[in-house]
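An overview of the molecular structure
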Amino acid sequence: LGANILARERRSTVVGHSHRFSYHLEQGAKKFGLSVGCYFEHDEDYASPNTNEAWWRGLVLIHDVLDGYGRIEQIPIEEVRRRYA
């Protein structure tokens, strides 16, 4: 997914909606495609158990952004709960 995003947009791009985490970095050009997953704790009734299990849940931070590139940090929802619940 991240590679497809980068191939289509040809610049660093961040998207949501798919509920899956995917990151692809183009090394030489320092460009990336990023699908951030989702942030909710419940399973969706409309989705199968396998689909709900495949979704990545948490926060994605992009640090030190410069010229369309930054360092990615994933914080799973379990870690957010542990820190802030």
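These remarks concern the structure in this document. Predicted, not measured: the structure shown is a model, and the values here were computed from it.

Quick word on the overall build of the protein chain
When helices and strands are tallied, the protein chain shows 3 helices and 5 strands. Listing the helices and strands of the protein chain from first to last along the sequence gives α-β-β-β-α-β-β-α. Each of the three principal axes of the protein chain carries a C-alpha extent, and together these read 40 × 30 × 15 Å. Taking all contacts inside the protein chain whose residues are at least 6 apart in sequence as the whole, residues at least 24 apart take part in 31%. For the protein chain, the accessible surface area stands at approximately 5900 Å², while carbon and sulfur atoms represent 49% of it.

Looking at helix 1 (residues 2–9)
Taken residue by residue, helix 1 has G2, I5 and L6 as its buried positions. Looking straight down helix 1, one finds its buried side chains confined to an arc of 95°; they lie on one side. In helix 1, the exposed positions that point more than 90 degrees away from the buried face belong to N4, A7 and R8. Among the structural elements, strand 1 (13–15), strand 2 (21–26) and strand 3 (31–36) are those in contact with the buried residues of helix 1. Positive backbone phi, approximately 60°, marks R10, located one or two places after helix 1.

What counts and how
Residues numbered from 1 in each chain as written. Predicted model: local features only at pLDDT ≥ 70, side-chain atom pairs only at ≥ 80, totals over all residues. Heavy atoms only, no water. Helix = DSSP H or I, 4+ residues; strand = E, 2+ residues; numbered from the N terminus. Contact = heavy atoms within 4.5 Å. Areas by Shrake-Rupley, 256 points an atom, 1.4 Å probe, with all protein chains shown as cover. Buried < 20%, exposed > 50% of the residue type's maximum accessible area, 1.4 Å probe, protein only. Arc of directions from axis to C-beta.

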